[in-house]
Amino acid sequence: MINIYVDGDAFPNLLKPILFRSIERLGLKTFVVANKKIDIGKSNNITYMIVEAGADEADHKIVELVQDGDLVITADIPLADRVISKNAHAIDHRGELYSVDNIKQYLAMRDLMEKIRESGEMTRGPKAFSQKDAHEFANQLNSFLAKYVKN
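Source: prediction; values computed, not measured.

Time to look at the packing of helix α2 (residues 57-65) against helix α3 (residues 77-84). Their axes nearest at 10 Å, the elements α2 and α3 cross at an angle of 15°. With respect to α3, the element α2 is oriented roughly parallel. Where α2 crosses over α3, the two elements pack in a sense that is right-handed. From α2, Asp59, His60, Ile62 and Val63 reach across to α3, where they touch Leu79, Arg82 and Val83. The residue makeup of the contact of α2 with α3, split by class, is 4 nonpolar, 1 polar and 2 charged.

What follows is the structure, given as structure tokens:
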């Protein structure tokens, strides 16, 4: 059985009930890792882990714990890259399934946008998280779980 790791520091509230229902329905061992208290719901299947404050502390803990085949839910592209390099899976908050085939492209685009911002160019941030994004996440999560979780 796979484990789920949630990069909790920026986990959208709209996704909490979606994820919670899947965890409970399938009895999935889930770890919510953040540098502050994050509540997805009360469940024997969920372990909340608070790490020290600091850049990437939650990411480091997730990479330390994640195993082959596990799922990480994160919007952090460098974390997704590290997870995929350990033969695990990553889904972002908007339903994108990162893979060996696409993660380097996402990483390159992220790095390019960072360089543009560093040069002083004003760029738009990501669009506001919407109900449509939550729906896309739910669809991707359900598809992933149907493929990788054996009941």
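Having seen it, we continue.
Strand order across the open sheet formed by 6 strands is β3-β2-β1-β4-β5-β6, with mixed pairing between neighbours. Only two strands of the sheet have a single partner each, and these edge strands are β3 (46-50) and β6 (97-98). The sheet contact formed by strand β2 (residues 30-34) and β3 spans 5 bridges and is parallel. Its bridge partner lying in β3, Val32 is registered against Tyr48.

Moving on, we get to unusual backbone geometry. Of note in this structure, Asn87 is not a glycine but carries a positive phi near 60°. By the secondary structure assignment, Asn87 is in the loop between α3 and β5 (89-91).

A few words on the nonpolar core. Formed by 25 residues in total, the largest nonpolar core has its most connected members in Val6, Leu19, Leu71, Ile73 and Leu145. Listing elements by their share of this core, those giving two or more residues are β1 (4-7), α1 (16-26), β2, β4 (71-73) and α5 (131-148). Among the elements that line this core, the one with the most residues is α5, at 6 residues. In terms of nonpolar packing, the next biggest core, distinct from the first, is built from 12 residues, Val33, Val63, Val72 and Leu79 among them.

What counts, and where the lines are drawn
Residues numbered from 1 in each chain as written. Predicted model: local features only at pLDDT ≥ 70, side-chain atom pairs only at ≥ 80, totals over all residues. Heavy atoms only, no water. Axes fitted to C-alpha atoms, helices over the stretch in contact; angles between N-to-C directions. Helix = DSSP H or I, 4+ residues; strand = E, 2+ residues; numbered from the N terminus. Parallel < 35°, antiparallel > 145°, perpendicular 65-115°, else oblique. Left-handed = near helix turned anticlockwise from the far one by under 90°. Contact = heavy atoms within 4.5 Å. Nonpolar A, V, L, I, M, F, W, Y, C, P; charged D, E, K, R; others polar. Pairing = 2+ DSSP bridges. Core = buried A, V, L, I, M, F, W, Y, C linked by side-chain atoms within 4.5 Å. Buried < 20%, exposed > 50% of the residue type's maximum accessible area, 1.4 Å probe, protein only.

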